[in-house]
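Per-entry structural report
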Amino acid sequence: MPFPIRQPDIEQAARLIDEADCLVIAAGAGMGIDSGLPDFRGQHGFWRAYPALGRHGLDFTSIASPRAFRRDPRLAWGFYGHRLALYRTTAPHAGFALLRDWARELPRGCVVFTSNVDGQFQRAGFDDGDITECHGSLHFLQCLAPCCEAIWPATDFIPDVDEEHCLLRGEPPACPRCGGCARPNVLMFGDADWIDDRAQAQARRLEARLRLSSRPVVVEIGAGQAVPTVRHFSQQLAFDRRAPVIRINPREPEVPGLPQAVGLPLNALEALRAIDAAREGRADG
Ligand SMILES: [Zn+2]
């Protein structure tokens, strides 16, 4: 184990949450792993999950691009349709419910800032109004062209995917305005066309909520340095608002330079359970 787990760190995390008025949950791909969701880390892991894409020599950054949708919409929708179906049927792990329990005890509740496009916080019962999806959501669509700024729910689209070939059977979803191909309303690689109105509105709501909080605590979960958006968000709160940061990350738990922070080298669920047990212990004592 490269990083020892120290019980005093768990105790400190529990204390920081007890002292806060608002739980700020900052979540990256590592949050979904305990629910059984893939995090697309590493090319070989990616191709094990999507062998047909391996045969095409397409890595994550190649298939997750507007170019892939223009070149072969049924292949790109094979990948995204499979993920959409997976996210619709996956039950969020028990750590989500622990976070909701903690938030209920705090006067300002919680806000969620996540780079995940899986909609798992909504599925776990978090209020949609508390959530900012900084890279968009796979549960929403937009025009591929795009011919307009419209963003609409993907609810009516039930993807039927030939998993062996990673191909969408039937027609891709269509833009209601121009009739052309629709794509997920998520930020992809090499993506100048992502329509971010929804994410921007969420971010404005988040700002307003954070202004109401005088003692926010950041619980950052499974957010690595490879896609640093979530880490930037935590660090900004740490420096601008002097918010303490609890960083949960089995591989990159270090907290260099953060004024008040604790790093827990654990997966999401085991860390949340350990903190919850420490909080229970404090409440009883
Ligand atoms: Zn269109």
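On a predicted model such as this, the values are computed, not experimentally measured, just so you know. Throughout this document, residue positions are counted from 1 along each chain, in the order its sequence is written. The predicted nature of this model means local features are confined to residues of pLDDT at least 70 and side-chain atom pairs, given and counted, to a pLDDT of 80 or more, with totals for whole chains, interfaces and linings taken over all residues. Water and hydrogen atoms were dropped before computing side-chain values, which therefore reflect all heavy atoms in the structure.

1. A short note on the pattern of salt bridges
Take a side-chain nitrogen of Lys or Arg and a carboxyl oxygen of Asp or Glu: if they are within 4 Å of each other, that pair is a salt bridge. For the structure shown, the criterion picks out twelve salt bridges. Residues Arg 70 and Asp 193 are paired through a salt bridge, measuring 3.0 Å at the closest nitrogen-oxygen approach. Note that Arg 70 is positioned in helix α5 (residues 66-71) and Asp 193 in the loop between β8 (182-186) and α9 (197-212), a separation of 123 residues in sequence. Among the ionic pairs, Asp 101 bridges to Arg 104, the shortest N-O distance being 2.7 Å. You can see Asp 101 and its partner Arg 104 sitting in helix α7 (residues 94-105), three residues apart, about one turn around the helix. For helices the rule is a DSSP run of H or I covering at least 4 residues; for strands it is a run of E covering at least 2, with both sets numbered from the N terminus onward.

2. Observations regarding the coordination of the zinc ion
Sodium, potassium and calcium take a 3.2 Å donor cutoff, other metals 2.8 Å, and in both cases only N, O and S atoms count; water is not among them, so sites may look incomplete. The zinc ion binds to the protein through Cys 143 (SG), Cys 147 (SG), Cys 175 (SG) and Cys 178 (SG), with metal-donor distances spanning 2.3 to 2.4 Å. When the donors of the zinc ion are listed by position in the chain, the intervening gaps give C-x3-C-x27-C-x2-C. Burial status follows relative accessibility: with a 1.4 Å probe on protein chains alone, a residue under 20% of its type maximum counts as buried, one over 50% as exposed, and anything between as partly exposed. By relative accessible area, which is 44% here, Cys 178 ends up partly exposed.

3. Concerning the side chain of Ser 213
Mapping Ser 213 onto the fold places it in the loop between α9 and β9 (216-221). Polar contacts, as counted here, are pairs of nitrogen or oxygen atoms within 3.5 Å of one another; within protein the pair requires one atom able to donate a hydrogen and one able to accept it, and residues that are adjacent in sequence qualify only if both atoms are side-chain atoms. Only 2.7 Å separates the side chain of Ser 213 from the side chain of Asp 21, close enough to count as a polar contact. Contacts are assigned to residue pairs that have any heavy atoms within 4.5 Å of one another. When sequence neighbours within four positions are dropped, the list of residues in contact with Ser 213 reads Asp 21, Cys 22, Arg 108 and Arg 241.

4. Some remarks on the UniProt feature "binding site: Zn(2+)" (unreviewed entry) in the protein chain
UniProt positions are given in the numbering used here, feature names are shortened, and annotations may be inferred rather than shown by experiment. Within the UniProt annotation, "binding site: Zn(2+)" (unreviewed entry) is assigned to Cys 143, Cys 148, Cys 175 and Cys 178. Taken along the chain, the residues just named run across 36 residues; in space they keep tight, none of their C-alpha pairs more than 9.3 Å apart. Mapping Cys 148 onto the fold places it in the loop between β4 (136-143) and β5 (151-153). In this structure, Cys 148 is in contact with Arg 177 and Ile 195, ignoring residues within four places of it in sequence. For Cys 178, the location among the structural elements is in the loop between β7 (167-168) and β8. Ignoring sequence-local partners within four residues, the contact set of Cys 178 consists of Cys 143 and Cys 147.

5. Focus: unusual backbone geometry
Cis geometry is found at the peptide bond from Ala 145 to Pro 146, where omega equals -15°. In this structure, Arg 242 is a non-glycine residue whose phi angle is positive, near 55°. One can find Arg 242 in the loop between α10 (229-240) and β10 (245-248). Looking at Arg 242, the relative accessible area reads 57%, which means it is exposed.

6. Some details on α7
For a helix, the expected span equals 1.5 Å multiplied by the number of residues minus one. Between its first and last C-alpha, α7 extends 18 Å over twelve residues, near the 16 Å set by a 1.5 Å rise per residue. Three or more residues of α7 are buried, namely Gly 95, Phe 96, Leu 98, Leu 99, Trp 102 and Ala 103. Down the axis, α7 shows its buried residues gathered within 160° of arc, on one side only. Of the exposed residues in α7, the ones pointing more than 90 degrees away from its buried face are Arg 104 and Glu 105. Within this analysis, the arc is defined by the directions that extend from the helix axis to the C-beta atoms.

7. Let's talk about the side chain of Glu 220
With respect to the helices and strands, Glu 220 occurs in strand β9. When neighbours within four sequence positions are excluded, Glu 220 is seen to be in contact with Ala 26, Val 230, Arg 231, Ser 234, Ile 246, Arg 247 and Ile 248.

8. Notes on the pairing of β10
Within a regular strand, side chains alternate between the sheet's two faces. Residue alternation in β10 divides its side chains into two sets, Val 245 and Arg 247 and Ile 246 and Ile 248, and both sets are buried. If the strands point away from the viewer and the path from the first strand over the helix to the second runs clockwise, then the crossover is right-handed. Read from β9 through α10 to β10, the crossover connection turns out right-handed. Only strands that DSSP links by at least two bridges are regarded as paired with each other. Alignment of β10 against strand β11 (residues 261-264), held across four bridges, turns out to be parallel. Each bridged residue has a counterpart across the sheet, and for Arg 247 the counterpart in β11 is Gly 263.

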